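Structure assessment
As a plain string of letters, each chain reads:
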Amino acid sequence: MEIKKQTFECVRDKLTIRGAQYLPANPSESGKYPAVIVSHGFTGNYMSVEDYCVEFAKMGYAAFCFSFCGGGMHGEDVRFKSDGETTNMTIPTEVEDLITVKNYVKNLSYIDSNELILVGISQGGFVSGLTAARCGNEIKKLIMIYPAICIPDHARMGCLGGSSYDPHNVPDIIDCGNTLLGKNFHDTVVGMDPYLELAAYKGDVLLLQGLDDKIVNYSYAIRAKESYRNGQCRLQLVRNLDHGFDAPQFESAFASIRQFLADRKEILTIRVIITHSDTVTEGDISKVNIFFTGYCDTPYFQGCILPEGCDSQEYHLEVQTKMRAEYTLSGLDYTGQQCSIHIVNQKDGQDWKPVVQTDSTALAWMNRADLTAVLEFCDGGPTVRIYAEKE
């Protein structure tokens, strides 16, 4: 889909905030677009989250990204900077920046002000969560991607932004290597209870967090989920994910974001463990069979993949042309009854479309459900997340 991009500016306390908006080339039938505002992480700028905005625009959203005032790093391209010094930037000033951009977006004639979504990465994720809590019902949904909820603890330990200082004798300037922070950054977060502040938001939350994140330990995400109301926050812990996506991880993460925005519920989470494979090549065609076992541990069903689950793949000149996985789970449904679930999963356009057959009376609705799936490719075998429409 063709995307239209243009820059924008708005002002907070006489400081100019610079950013870009990404719109679908085709006009909305209603004349208004739902809007997504994407916030970058520590030392980033709006170009560092452009890939998110492009994907959201492909989905039919008006997507906005911007540079925080005083954000960025030494030697950054000034074309992508907002006004302000890094030594004056704090978490509260970033919240005010995001509120300013939110107000700017909300008042655009082509934006549906009832459909505002905040998305933030790392420090931007933490700021997006705090902003959603401030703005309440103005924010339809919140997506936090490895949010830096650790920042108050890092201030208490004297290691903000990778620096090292005495938290009982904080210097006026905190040297983080590729940027400088002011003492105010420390002072405004050192006494913060982030979970109490985040919990003020009452809308739907998606939290994506890597289990191998070396900057933000996954325990912060688990605690954040628990601070929200029961069922409010969907926490997705991703194996082999550090503090940043590679290309396949980004693709699967965004597939999960699409499920969340479509109000679909994760019903089965299956950990696939590859056991062996075989390959047959005939001319330009290669056929690969990948055999696997694994398990599922969810509120609906708990059990294991029976031996000889198989993922059949076909390639023409090393380009994949077919992929079909078929396997059977055996275990207990949520009523405690022994049952099996047979799954065939194939790609249908942009989405994986699994077909399920189960002999469970309690889960018989899965036989008729419109299901989609997301594959997270990890060492040893993928995690398969199967979604259905919310009841």
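We now turn to the structure provided with this report. (Residues numbered from 1 in each chain as written. Predicted model: local features only at pLDDT ≥ 70, side-chain atom pairs only at ≥ 80, totals over all residues. Heavy atoms only, no water.)

**Concerning the pattern of salt bridges**
Applying the stated rule across the entire model yields 22 salt bridges. In this structure, Glu138 and Lys102 form a salt bridge, with 2.9 Å as the shortest nitrogen-oxygen distance. Of this pair, Glu138 sits in the loop between α3 (123–135) and β6 (141–145) while Lys102 sits in helix α2 (residues 91–106), and the two are 36 residues apart along the sequence. Between Asp242 and Lys214 there is a salt bridge whose closest N-O contact spans 3.3 Å. (Salt bridge = Lys/Arg side-chain N within 4 Å of Asp/Glu carboxyl O. Helix = DSSP H or I, 4+ residues; strand = E, 2+ residues; numbered from the N terminus.)

**Examining unusual backbone geometry**
Located in the positive-phi region is Thr43, a residue other than glycine, with phi close to 70 degrees. Take Thr43: it is sitting in the loop between β3 (33–39) and α1 (50–58). Not every positive phi belongs to a glycine, and Glu308 is a case in point at roughly 75 degrees. By the element assignment, Glu308 lies in the loop between β13 (301–305) and β14 (309–316).

**A closer look at the side chain of Gln313**
The residue Gln313 is located in strand β14 in this model. Within polar-contact distance, the side chain of Gln313 engages the side chain of Asp311 at 3.1 Å. Aside from chain neighbours lying at most four places away, what touches Gln313 is Ser286, Lys287, Val288, Ile290, Gln320, Lys322 and Met323. (Polar contact = N/O pair within 3.5 Å; in protein donor to acceptor, adjacent residues only side chain to side chain. Contact = heavy atoms within 4.5 Å.)

**What about the packing of α1 against helix α8 (residues 247–261)?**
Two elements in contact, α1 and α8, have axes whose closest approach is 12 Å; the angle formed by their N-to-C orientations is 45 degrees. In terms of axis orientation, α1 runs oblique to α8. In the crossing of α1 with α8, the sense of the turn from one axis to the other is right-handed. Between α1 and α8, the contacting residues are Asp51, Tyr52, Glu55 and Phe56 on the first element and Phe250, Phe254, Ile257 and Leu261 on the second. Within the contact of α1 with α8, the residues separate by chemical class into six nonpolar, no polar and two charged. (Axes fitted to C-alpha atoms, helices over the stretch in contact; angles between N-to-C directions. Parallel < 35°, antiparallel > 145°, perpendicular 65-115°, else oblique. Left-handed = near helix turned anticlockwise from the far one by under 90°. Nonpolar A, V, L, I, M, F, W, Y, C, P; charged D, E, K, R; others polar.)

**Regarding the packing of aromatic side chains**
Within this structure, the stated rule accounts for 13 aromatic pairs. For the pair Phe8 and Phe64, a centre-to-centre distance of 5.9 Å together with 75 degrees between the ring planes defines the contact as edge-to-face. Of this pair, Phe8 sits in strand β1 (residues 3–12) while Phe64 sits in strand β4 (residues 62–66), placing them 56 residues apart in sequence. This pair shows no difference in class: Phe8 is buried, exactly as Phe64 is. With a centroid separation of 6.4 Å and 65 degrees between ring planes, the pair formed by Phe245 and Phe250 is classed as edge-to-face. Owing to a relative accessible area of 15%, Phe250 belongs among the buried residues under this scheme. One aromatic cluster is present, built from ring pairs that chain together Tyr52, Phe56, Tyr61, Tyr146, Phe245, Phe250 and Phe254. Geometry around Phe260 places Lys141 over its ring, the cationic atom sitting 4.7 Å from the centre. (Phe/Tyr/Trp six-rings, centres within 6.5 Å; stacked < 30°, edge-to-face > 60°. Buried < 20%, exposed > 50% of the residue type's maximum accessible area, 1.4 Å probe, protein only. Lys NZ or Arg CZ within 6 Å of the ring centre and 35° of its normal.)

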